[in-house]
Amino acid sequence: MADSRVCTLPKVRVDEETKHKIRETLNHIKDLSRQIDEGKEEVYIPNLDDVPRVYNLKTPLLDSDTYFICYQGIQSLCHIHPYSPESFLRGALTPVSIGQHQIWLESDSHQNLEHHLATLKTTANIRKIVCFGLGTLRRLSDDEYTRTHTQHAAVETMVASLAKRGLNGSQEIKCYAQDLEYDEVDQEFLRSIGITTLKDPKGFLEVDEHGLVFSVCPDTPVKQIVTDLHWPAAMIWDTVSPSEKNQTEMFPRLKKDKKGGLWKSHWPITDPDSERVRQMIKHYAHAQLEDSDGYFGNLTIYMKCEELSNGN
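Procedures and definitions
- Residues numbered from 1 in each chain as written.
- Predicted model: local features only at pLDDT ≥ 70, side-chain atom pairs only at ≥ 80, totals over all residues.
- Heavy atoms only, no water.
- pLDDT = per-residue confidence, 0-100.
- Contact = heavy atoms within 4.5 Å.
- Core = buried A, V, L, I, M, F, W, Y, C linked by side-chain atoms within 4.5 Å.
- Buried < 20%, exposed > 50% of the residue type's maximum accessible area, 1.4 Å probe, protein only.
- Helix = DSSP H or I, 4+ residues; strand = E, 2+ residues; numbered from the N terminus.
- Pairing = 2+ DSSP bridges.
- Axes fitted to C-alpha atoms, helices over the stretch in contact; angles between N-to-C directions.
- Expected span 1.5 Å × (residues − 1).
- Arc of directions from axis to C-beta.
- Right-handed = clockwise from strand over helix to strand, strands pointing away.
- Polar contact = N/O pair within 3.5 Å; in protein donor to acceptor, adjacent residues only side chain to side chain.
- Salt bridge = Lys/Arg side-chain N within 4 Å of Asp/Glu carboxyl O.

Engineer: So what exactly am I meant to see when it comes to the confidence of the model for the chain here?
Structural biologist: In low-pLDDT regions, the fine details of the predicted coordinates are not to be read closely. When the pLDDT values of the chain are averaged, the result is 76; 63% of them are 70 or greater. Within the model, the stretch residues 248–253 combines pLDDT values under 50 with 20 contacts to residues more than four positions away or in other chains. This model gives residues 255–259 a pLDDT under 50, and the stretch forms 13 contacts once residues within four places in sequence are excluded.

Here you go:
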């Protein structure tokens, strides 16, 4: 015989103070959404001390759809990063914050990248951008968050600059990205901004004479693989060493210790050069990317300056 008893949940009593806080939170999110939708040049977001902080949304190159609300969990709000405690103490953290391209667009690195893509001598016809090693977007530490998100934002700059110069032949520039760290959230977000994620080795199979390869400190020998598969129209990747003796098995990186001082850290080169790579770049005009902001490291822009066969 079927059990006719009805399962009821216990009633939870919510006091007036809690109700008030819930209403405040909802109104706060609604108000921030309204400010963004109205195209405000500035929005106000209170920090943990309920002190309003001003965020400038005035970007001449992008519209208000560029901005979105980022939500922080209580764990990240209460965690003081040992390398940047001042960001917490000055009230930079907010339960709801604005994610934006503003910092990238105003950076010297952005201006330098845009300048070289507009002026570097080339005979290339670029119809796609294939990215390697840009990393997952879910990292939380200040340095990784900035670098990873900025590297993906730079793809948008590349598309706009190449199209403005006419190097795409009036065709749509397709964007692909391959990284082992991408999860479903990364894939969905990148798809929303026009970047298709690919699993290994499909990224390498997309590289052809009409592709620009964008690679930042990958954990795969991208330069050697690309050289042996197909010479692309352009590359933006770790600067190729002029000779084998200048490239050691380990290379130094400056890191901060817990007291804020700098010390040298070493790890193995995972994307080494080779003599074939050095021979290939002789057919490309090149320019060093000045990265005073520290978003990319030691990158050089290489653009094909004469018609090539596969070179193999």
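So, next bit.
Engineer: Where do I start with the nonpolar core in this structure?
Structural biologist: I129 and F214 are the most contacted members of the largest nonpolar core, which has 37 residues in total. Considering each element in turn, this core owes the most residues, 5 residues, to helix α6 (residues 142–165). Apart from the residues within four sequence positions on either side, F214 is in contact with I129, V130, C131, F132, L134, Q151, V155, M158, I236, F296 and L299.

Engineer: Please clarify how unusual backbone geometry should be interpreted in this entry.
Structural biologist: Glycine aside, the phi torsion of most residues is negative, and most peptide linkages are trans. Of the consecutive residues D200 and P201, the connecting peptide bond is found in the cis state with omega at 10°. Among the structural elements, P201 can be located in the loop between β7 (195–198) and α8 (202–206). In this structure, S170 takes a positive phi of about 65° despite not being glycine. Residue placement: S170 occurs in the loop between α6 and β6 (174–178). A positive phi angle is found at C217, which is not glycine, with a value near 45°. Residue position: C217 is located in the loop between β8 (211–215) and α9 (222–229).

Engineer: Honestly, the sheet that holds β7 in this entry has me stumped. Any pointers?
Structural biologist: Within a beta sheet, neighbouring strands are joined by backbone hydrogen bonds and run either parallel or antiparallel to one another. The sheet built from 7 strands is open, its strands ordered β7-β6-β5-β8-β9-β13-β12 with mixed pairing. Only two strands of the sheet have a single partner each, and these edge strands are β7 and β12 (284–288). The average undirected angle you get between the axes of adjacent strands in this sheet is 20°. Of the strand pairs in this sheet, β8 and strand β9 (residues 234–238) are connected by 3 bridges, and their pairing is parallel. Bridged to L212 within β9 is A234. Against the sheet, α9 contacts β5 (128–132), β8 and β9, and its axis sits at roughly 155° relative to β9.

Engineer: Honestly, helix α5 (residues 108–119) in this entry has me stumped. Any pointers?
Structural biologist: Since there are 3.6 residues in each turn of an α-helix, residues three or four apart along the chain are aligned in direction. Spanning 12 residues, α5 covers 17 Å between terminal C-alpha atoms, matching the ideal 16 Å at 1.5 Å per step. For α5, the set of buried residues is S109, H110, N112, L113, H116 and L117. Around the axis of α5, the buried residues are gathered within 165° of arc, so they sit on the same side.

Engineer: Explain the pairing of β6 here, please?
Structural biologist: Each regular strand displays side chains that alternate between the two surfaces of the sheet. The element β6 is extensively covered by neighbouring structure, given that 4 of its 5 residues are classed as buried. Bridge analysis of β6 against β7 gives 4 bridges, and the strand direction is parallel. Paired with Y176 across the bridge in β7 is T196. Taking the sense of rotation as the criterion, the β-α-β connection linking β6, helix α7 (residues 184–192) and β7 turns out right-handed.

Engineer: Honestly, the side chain of N168 in this entry has me stumped. Any pointers?
Structural biologist: Along the chain, N168 turns up in the loop between α6 and β6. The exposure class assigned to N168 is buried, which follows from its relative accessible area of 7%. Here Q171 takes part through its backbone oxygen, which lies 2.6 Å from a polar atom of the side chain of N168. With sequence-adjacent residues up to four places away left out, N168 is seen in contact with N125, I126, R127, L162, A163 and I173.

Engineer: Quick question: what am I supposed to make of the pattern of salt bridges here?
Structural biologist: A full pass over the atoms with the stated rule returns 5 salt bridges. Between K128 and E206 there is a salt bridge, with the nearest N and O atoms lying 3.0 Å from each other. Residue K128 is found in strand β5, and its partner E206 is found in helix α8; the two are separated by 78 residues along the sequence. Taking relative accessible area as the criterion, E206 reaches 22% and is therefore assigned partly exposed. Across the pair E275 and R278 runs a salt bridge whose closest N-O atoms are separated by 3.4 Å. Taken together, the residues span about one helical turn, with E275 and R278 both in helix α10 (residues 275–280) at a distance of 3 residues. The class of E275 is partly exposed, set by a relative accessible area of 46%. A relative accessible area of 6% places R278 in the buried class. Among the charged side chains, a salt-bridge network with shared partners connects K128, E206 and D208.

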